[in-house]
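Chain by chain, the residues run as shown.
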Amino acid sequence: MENNAEMYWTGLSPDEAREALVNKDKSMRDKRMSLKEAVDKFIKDGDNVGVGGFVNIRQPIAITHEMVRHGFKDLTLSWQSAGLGPDYLAGAMMVDDSHFSIKRVEIAYWAHESFGLSPMFRYLAERGKIELEDWSNYNMSARFKAGSMGLPFIPTRGPMAGDIPSSCRTKIMDCPFTGRPIALLPASNPDVAIIHVNAADKYGNCIIRGTDCTCAEIAMASARTIITCEQLVSHELITSSPKEVGIPFPAVDAVVEVPYGAYPGLCRRHYYFNGDHIRELHAAAAVMCKGEPADKLKAYYDKYIFGVESFEGFLEQFPLSKLLADQKAEAYNCERLA
Amino acid sequence: MENNAEMYWTGLSPDEAREALVNKDKSMRDKRMSLKEAVDKFIKDGDNVGVGGFVNIRQPIAITHEMVRHGFKDLTLSWQSAGLGPDYLAGAMMVDDSHFSIKRVEIAYWAHESFGLSPMFRYLAERGKIELEDWSNYNMSARFKAGSMGLPFIPTRGPMAGDIPSSCRTKIMDCPFTGRPIALLPASNPDVAIIHVNAADKYGNCIIRGTDCTCAEIAMASARTIITCEQLVSHELITSSPKEVGIPFPAVDAVVEVPYGAYPGLCRRHYYFNGDHIRELHAAAAVMCKGEPADKLKAYYDKYIFGVESFEGFLEQFPLSKLLADQKAEAYNCERLA
Amino acid sequence: MTASTDYTAQEIIVVAGAKILENNKIVFVGTGLPMVAALLAKRTHAPGLIPVFEAGAVGPPLEVGLPISVGDSKTITGACYAKGLNAAFEMTQRGFADFDFIGGAEVDMYGNLNSTMIGDFPGGYQTPKVRLPGSGGASDMAASCERTILIVPHDKRKFSEKLQYVTSPGHLDGSPNARFKAGMQGKGPYRVITTKGIFDFEEESKRMRLIHTFPGETVESIQANTGFELLVADNVSEFTAPTQEEVRMIREDIDPNGAFVKRA
Amino acid sequence: MTASTDYTAQEIIVVAGAKILENNKIVFVGTGLPMVAALLAKRTHAPGLIPVFEAGAVGPPLEVGLPISVGDSKTITGACYAKGLNAAFEMTQRGFADFDFIGGAEVDMYGNLNSTMIGDFPGGYQTPKVRLPGSGGASDMAASCERTILIVPHDKRKFSEKLQYVTSPGHLDGSPNARFKAGMQGKGPYRVITTKGIFDFEEESKRMRLIHTFPGETVESIQANTGFELLVADNVSEFTAPTQEEVRMIREDIDPNGAFVKRA
């Protein structure tokens, strides 16, 4: 096993992550603010940003739009599997990398399952514009978990062979109990977590429906956490079911109510995918992979992101009938009385 | 760090634990049976038994009574903090160690918080009648967690100094990422888990109210799991809230409906502690610490355990008014409409 | 049970995949065609099949239809357990998955799989010729599920002597106990389903072995489209063409929108 | 704010413990008197105090009364988060606990605590003279919370030069950065509350230092009952006796059944 001299931490080192929490005001206080304020206050150039959700499920889309409007430089992005969230950030870099830039990604998967590959990922990766570090879904989930547990590393059994261990900072050691090889993954403690949830109270106690993805781990591993929620609800309602709380308030710094905040992705109980819009975004980026200029993508950003004040302005560009249809499609998936 | 040559596994080694699951029928099938049948079928002499619950909360009391009636030899018992469950098993050994015996305990705490020390633990430990291995609550919880994760060990930061590391099989190594010492705890994979839950369906999907304790980890780490539940409910009801399922069916081998199955301890939403009865049991054992014979404890066992056919017979010896009062006390703690 | 005459390459893959899945077993289902195959199996010979999806869902009945993501809301409804990614992979690492079922872009004779990049590794890792999505959970499933079922479109350049990048470990270099020695669990690659046939792995050498040719293919035509030397089972046979009912189920009931099974 | 004249030793411990707890901080509360003190603090000067209990509850209002176990149903009601033991300790290890508050049977001058055994360790470990309950979560809290508050009944044999067993690590041997070097986190022991007074730890030496005497005690009487040499703060002062209202709250509102605060 190699020694630790060469280890570099992106985001916070384990000791820095501890220190950040020690110095944090962990009181139960009102954390509501505008999304603009939250992004301005809690994200900085050069940050390692942990992205919540999974592929196009409950991705923090509203937050990424606000980040694009704000502009950031040299971000490191970390997630397990993601689609739209990073697409929006990467697309901004493709449109104007003096306004927005990603330095590095630490990931397992960047694509869209049934909606195909990410042209943004292909464009940036194939041109060497971002540093890549490949892990697996469990690797990245376990790295966030280690970070959320206050551990410097966590062991896993996979993937133990192949080229992933040579693409990343995992270390293989012989287990001192069994003698067999085991992987040790360094913790991930992002500077800031961006997470969309179903419901939250003003203190930041969050309820997630459907898969938790790795959201609690990312929030609790990070030094700061921005939460958007479909519904801002009373503390009394949230705490009437303590076991449903997936992220507790001390891990949260900002709470913003943003209905449809994961759209055009899916948010369980609220809306299903808008595949047409995902394809519209991709079409605008895909031509750049073939060497065309950024015009089409710039037009998309001008229309949907730079041309509006807030995420509500993005939503207003969809016909109401489409938003209602996507609500209805999801209502079929988890039928319940209103 | 020492090498692995000296490592001994109680219960299953990591490779044996994997093999046990590989060979297991994991189908969704009806697992209902009598408690007698479950104990007879799934517990064997010499087993490492993982005990669910925490101190006197949701301890698998009905299962321990049935185990006592059955009689077992040379058990290893593993838990984080427990009270009544192991008291009943240890008391049986004090009454007649040719019928029931414990060889070893791997634990963090054996006592009763506000109800005082465990005279059973004092009696057996101070006379050298059981092997002791001391860990901490997090240590034992993390060991079960490692077992449930299919890992041979899990790192923790505590307790890193003091005498616990010299009382147990933890190993301290220098973290290959930070250079600082970190504890590696060997996984615990018991032969059998004994767990009481609030509700289960016939396949073994379980819902736990109040603290989960370390029940899911113990069940999923063990080769076999016996579940008793306050309520046996339909699969449809259980799966209408998939996120409330704490233990999924493939981890479960037997499901037995046993109302009051954690009594005289607490089960959230069902009943609060019966402190008087805990004290009655302890009084019968405490005199043996002072050198008196087993008569009083034997009388308790003859009356409450050997003298009855099943746990219902134990319950029948309480006045209905007391059972209702303990229900009512708990109803105050978590008031809700019926 | 009339044989279909107009099934597509993807449809026969789905039917073959479904048939390999066994009733009452737990299968960790990767995204894409494996999801369609699992649903077809569940609605035909394997109603007791227990699907697990890496975003967290265990054992959903899938009565609300085909998920188009392994995190789709449709995987949660009626599930027996639904936490997050860590919980799903921890169960797998523990040994709760009898099978995993994954797809990839490039495979070698030992069932190692590439879904990361086309290009030169490690030299060109930071500037891949084609950047693929990456492992997702496939490498975790391949490392820790008991037996792996692979889907790879059959193409000479994709059935390679040496992969450009090994994302999901299979039988590694085929040496005895290679997986165990590397620290992994499970028996590794079990079946490969391609657009041309079905393969298993010979016990001793761990090399890919043709066991079924798809209609219209021969041992020779398949070898000709494979970039390494195939083993051929003694009793190699033709895989029965999908029935009209199977094809109808795929087209009308299971994937009516062509989310994964393309009509073309 | 009339001073009480009939408070008990346990009652002054509870009042002192409550006063050390700061509003709006997270305190990981051990079983016994710390629970009573946390509830008193929450109902007096520290309504924003956030208790965490090791069985899993985070931030309950405790409006349904005093839990008699750290896993008591009363800790769950109205809590902001409630998983199990692993989750509670993982949060602690991460740094979410400003304080922990634990009791023990034996303490040394560096705030190391014994709650495991009386007897000879390691020789007599398997046959202890008195077997105590064991660590529970105390050693985990002591290892990973930011600052530790200890309660130990004051007795010469229990304030020992050398502990019979070190369950919960404090400042270890008092050497510079001893905790950090051992791999732990947090600043370690912060206050000790006994039946005779309140102590902190001197910055350099990490040795226990008397800062407040309880009414009726003097520096000398306390040293006489301590098995090691105490440091004494320059400005040592007498701790104000509990008020009648504080005593009433403990007896009537908080622990009316004497679950932890014995009347005798």
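Structure: see above.
Definitions and cut-offs
Residues numbered from 1 in each chain as written. Chains lettered and ligands numbered in written order. Predicted model: local features only at pLDDT ≥ 70, side-chain atom pairs only at ≥ 80, totals over all residues. Heavy atoms only, no water. Helix = DSSP H or I, 4+ residues; strand = E, 2+ residues; numbered from the N terminus. Rg over C-alpha atoms; globule rule 2.2 N^0.38 Å. Buried < 20%, exposed > 50% of the residue type's maximum accessible area, 1.4 Å probe, protein only. Contact = heavy atoms within 4.5 Å. Areas by Shrake-Rupley, 256 points an atom, 1.4 Å probe, with all protein chains shown as cover. Lys, Arg positive; Asp, Glu negative; His and termini not counted. Charge placed at Lys NZ, Arg CZ, Asp CG, Glu CD. Pairing = 2+ DSSP bridges. Buried area = accessible area lost by both parts, 1.4 Å probe. Salt bridge = Lys/Arg side-chain N within 4 Å of Asp/Glu carboxyl O. Polar contact = N/O pair within 3.5 Å; in protein donor to acceptor, adjacent residues only side chain to side chain. Core = buried A, V, L, I, M, F, W, Y, C linked by side-chain atoms within 4.5 Å.

(A) Fine view of the overall build of chain A. Across its full length, chain A carries 13 helices and 14 strands. For a compact globule of 338 residues, the expected C-alpha radius of gyration is about 20 Å, and chain A comes in at 20 Å, within 12% of that figure. Considering only C-alpha atoms, chain A reaches an extent of 60 × 55 × 35 Å along its principal axes. Every one of the 338 residues in chain A was classed for burial, and the buried ones make up 70%. Long-range pairs, those at least 24 residues apart, make up 82% of the contacts in chain A between residues at least 6 apart in sequence. For chain A, the computed accessible surface area is about 10400 Å², with 48% contributed by carbon and sulfur atoms. Between the mean site of the 37 positive side-chain charges and the mean site of the 44 negative ones, chain A shows a separation of 3 Å.

(B) A look at the pairing of strand 13 (residues 208-213) of chain D. Residue and element names in this part refer to chain D. Bridge count between strand 12 (residues 197-201) and strand 13: five bridges; the pairing is antiparallel. Paired with Ile198 across the two strands is His212, which belongs to strand 13. What sits between the antiparallel neighbours strand 12 and strand 13 is a turn of six residues, in which Lys206 has the positive phi angle 60°. Direction of pairing for strand 13 relative to strand 14 (residues 231-238): parallel, over a ladder of four bridges.

(C) Broad picture of the interface of chain C and chain A. With 55 residues of chain C in contact, the opposing surface of chain A contributes 58 residues. Regarding the contact of chain C and chain A, the summed buried area is about 4400 Å², with carbon and sulfur atoms giving 54% of it. Looking at the side of chain C facing chain A, the largest losses of area belong to Asn86, Arg131 and Pro133 of chain C, adding up to 15% of the total buried there. Our count for the chain C to chain A interface comes out at one salt bridge. The salt bridge involving Arg131 of chain C is made with Asp134 of chain A; its shortest N-O contact spans 2.7 Å. For the interface between chain C and chain A, the tally reads 37 residue pairs in polar contact (both at pLDDT 80 or more). Secondary-structure elements contributing two or more residues to the side of chain C that touches chain A are helix 3 (73-76), helix 4 (85-94), strand 9 (130-131), helix 5 (138-144) and helix 6 (178-181) of chain C. The leading source of residues in the side of chain C that touches chain A is helix 4 of chain C, at five residues.

(D) Expanded view of the interface of chain C and chain B. Across the boundary between the two partners, chain C contributes 25 residues, which contact 31 residues of chain B. Buried surface at the junction of chain C and chain B, both sides included, amounts to about 2300 Å², of which 57% is carbon and sulfur. For chain C, the biggest contributors to the area lost against chain B are Cys80, Arg94 and Phe96 of chain C; these three give 32% of the whole. At the surface where chain C touches chain B, the tally comes to 11 residue pairs in polar contact (both at pLDDT 80 or more).

(E) Up close: the pattern of salt bridges. Considering all chains together, one arrives at 67 salt bridges over all chains under this definition. Note that Glu133 of chain B and Arg169 of chain B form a salt bridge whose closest N and O atoms lie 2.8 Å from each other. Pair noted here: Glu133 of chain B is in strand 6 (residues 131-134) and Arg169 of chain B is in the loop between helix 7 (164-167) and strand 8 (171-174), with a separation of 36 residues, a long-range link. Both residues of the pair, Glu133 of chain B and Arg169 of chain B, belong to the buried class. Here Asp302 of chain B and Lys298 of chain B are joined by a salt bridge, their closest N and O atoms 2.9 Å apart. Of this pair, Asp302 of chain B and Lys298 of chain B both sit in helix 11 (residues 295-306), four residues apart, roughly one helical turn. Note on Lys298 of chain B: relative accessible area 41%, which makes it partly exposed. Put simply, Arg104, Glu106, Glu131, Glu133, Arg143 and Arg169 of chain A are held in one network by salt bridges that share partners.

(F) Region of the structure containing the nonpolar core. By size, the foremost hydrophobic cluster in this structure holds 426 residues, and its most contacted members are Met67, Ile247 and Leu297 of chain A together with Met67, Ile247 and Leu297 of chain B. Excluding anything up to four places from it in sequence, Ile247 of chain B contacts Ile195, Val197, Gly204, Asn205, Cys206, Ile208, Cys215, Ala216, Ala219, Ile227 and Val252 of chain B together with Tyr81 of chain C.

(G) Molecular detail of the side chain of Arg104 of chain B. Residues and elements named next belong to chain B. Relative to the assigned elements, Arg104 resides in strand 4 (residues 102-107). Of note is the side chain of Arg104, whose polar atom sits 3.0 Å from the side chain of Glu106. If we skip the residues at most four places from it in the chain, Arg104 touches Tyr8, Thr10, Leu75, Thr76, Leu77, Glu131, Glu133 and Arg169.

Functional significance is not addressed by these values, which are geometric in nature.
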